[in-house]
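# Report on the structure
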Amino acid sequence: MPDGNVRYVQPYHVSMEGQEKVVLCRDAEDYDAMVKIICVCARRKNVIVIIYAVVSNHSHAAILAVYQKDADAFCEEIKRMYSMWFSRKYGRTGVMKKVDVKAMLLDSDWYTRNALAYVPRNALDNGCNVDEYPWSGYRAMFSGESPAGRTVASLSKEECRLVMHTGDRLIDVPWIVDDEDRLVPKSFCDYDYLEQVFEHEQAFFLKTIGGQNSAEMGHRLIDAPRNRLTDNEFLKIAEETSQRWFSSSVDQITTERKTRVIPYLARTVRTTVPQLSRVFGLPREVISRIIGRPKPISSGKV
């Protein structure tokens, strides 16, 4: 981990959905700042970046984190830091208030593999080929080359502010910047993790990228965690999760197993206590206890 400790981690997909009326990254300087902010925030919040992609009004990353709270803290720190950048450069405040940054646990090999392929595929949103896009971690994967350039650790405090857009003392990082002072993805992305997921076969990685249904992946990774679903839509997701985890349908798993599925769905899908109660057949009070949401205090009025 960035703090030097060895911990058991889990993969998460992080998506930042931008403003419809505001372009968040307007020029190369903005794209460069966003990439470096992702990198700095990962160090601050003790998570590991696997791969990322930054486009005009949204960004994606796959990370490794110990807990959901660490992934969530990483999301909030990106939002805070880029808000400061945007405000200083363009003199506009509050632009990031409506920007939603969300971390979704990738709970299966299928989700992990497809999320890792979906992230660099977002280069297509900016009209670029995946392998030529400069604001993505794709180039770190299966490259077989050692990163070249000057080390961030060698930068003076003032150079660090100018190049990395932070006052953090980055004297212990392995990061490298190229001749244009852009971060070299291979110096901070965990490319080895991605390569293992694809069994160290680049052709497998490329085939997954090329064969994806982008609308389906967008729904599963971005829309579903944010949009309120109907009971039927939510039941379908609950059934898929139950089958992946326990090879059994929701109405057949034990209460103990339900207590494992319910918190996961409460975090990754926009749902409610009543909806969880209907789908899992448990009282609302029980659902509230499971997800740590206290029962509302009665006003005493009828």
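Residues numbered from 1 in each chain as written. Predicted model: local features only at pLDDT ≥ 70, side-chain atom pairs only at ≥ 80, totals over all residues. Heavy atoms only, no water.

### Side note on the overall build of the protein
Selection rule: Where helices and strands are cited, they refer to DSSP runs of H or I of at least four residues and of E of at least two residues respectively, numbered from the N terminus. The reference for a compact globule is 2.2 Å times residues^0.38; the radius of gyration itself is calculated from the C-alpha atoms. Relative accessibility thresholds used throughout: buried, under 20% of the residue-type maximum; exposed, over 50%; partly exposed, between the two (1.4 Å probe, protein chains only). The accessible surface values rely on the Shrake-Rupley method and a 1.4 Å probe; as for residues, cover is taken only from the protein chains in view.
Helix and strand counts for the protein stand at eleven helices and six strands. Its C-alpha atoms give the protein a radius of gyration of 21 Å, within 12% of the compact-globule value 19 Å for 302 residues. Principal-axis analysis of the C-alpha atoms places the extent of the protein at approximately 65 × 50 × 40 Å. Expressed as a percentage of the 302 residues in the protein, the buried residues total 49%. Total accessible area on the protein stands at roughly 15100 Å², and carbon and sulfur atoms take up 47% of it.

### A closer look at the confidence of the model for the protein
Condition: What pLDDT reports is the predictor's confidence in each residue, on a scale of 0 through 100. Residue contacts are counted whenever heavy atoms from the two residues lie within 4.5 Å of one another.
Summarising the model, the protein shows a mean pLDDT of 88, and 94% of its residues fall at 70 or more. Within the protein, no element has a lower average pLDDT than helix 7 (residues 214–226), which sits at 72, and none a higher one than strand 2 (residues 48–54), at 97. Between residues 295–302, whose pLDDT stays under 50, and residues either more than four places distant or in other chains, the model counts one contact.

### Considerations on helix 3 (residues 109–121)
Put simply, the test is: What a helix is expected to span follows from its residue count: subtract one and scale by 1.5 Å.
The end-to-end C-alpha distance of helix 3 is 19 Å, a good match for the 18 Å that 13 residues give at a rise of 1.5 Å each. Counting buried residues along helix 3, ten of its 13 residues qualify, which places the element largely inside the surrounding structure. Within the span of helix 3, buried status applies to Tyr-111, Thr-112, Asn-114, Ala-115, Leu-116, Ala-117, Tyr-118, Val-119, Pro-120 and Arg-121.

### Looking at the side chain of Lys-79
Using the following cut-off: Neither His nor the chain ends is counted toward charge; the positive residues are Lys and Arg and the negative residues Asp and Glu. Any Lys or Arg side-chain nitrogen located within 4 Å of an Asp or Glu carboxyl oxygen qualifies as a salt bridge.
Examined against the element boundaries, Lys-79 turns out to sit in helix 2 (residues 68–90). At 5.0 Å, Glu-76 is the nearest oppositely charged side chain to Lys-79, a buried residue that forms no salt bridge.

### Here we look at the nonpolar core
Definition in use: We call a set of buried residues a nonpolar core when its members are Ala, Val, Leu, Ile, Met, Phe, Trp, Tyr or Cys and they connect through side-chain atoms within 4.5 Å of each other.
One finds Met-164, Trp-175 and Phe-280 to be the most contacted residues of the largest nonpolar core, which totals 98 residues. Here this core gets ten residues from one element, more than from any other, and that element is helix 1 (residues 28–44). Not counting residues within four places of it along the chain, the set of residues in contact with Met-164 comprises Lys-36, Val-40, Val-152, Leu-155, Glu-159, Leu-170, Trp-175, Val-177 and Leu-183.

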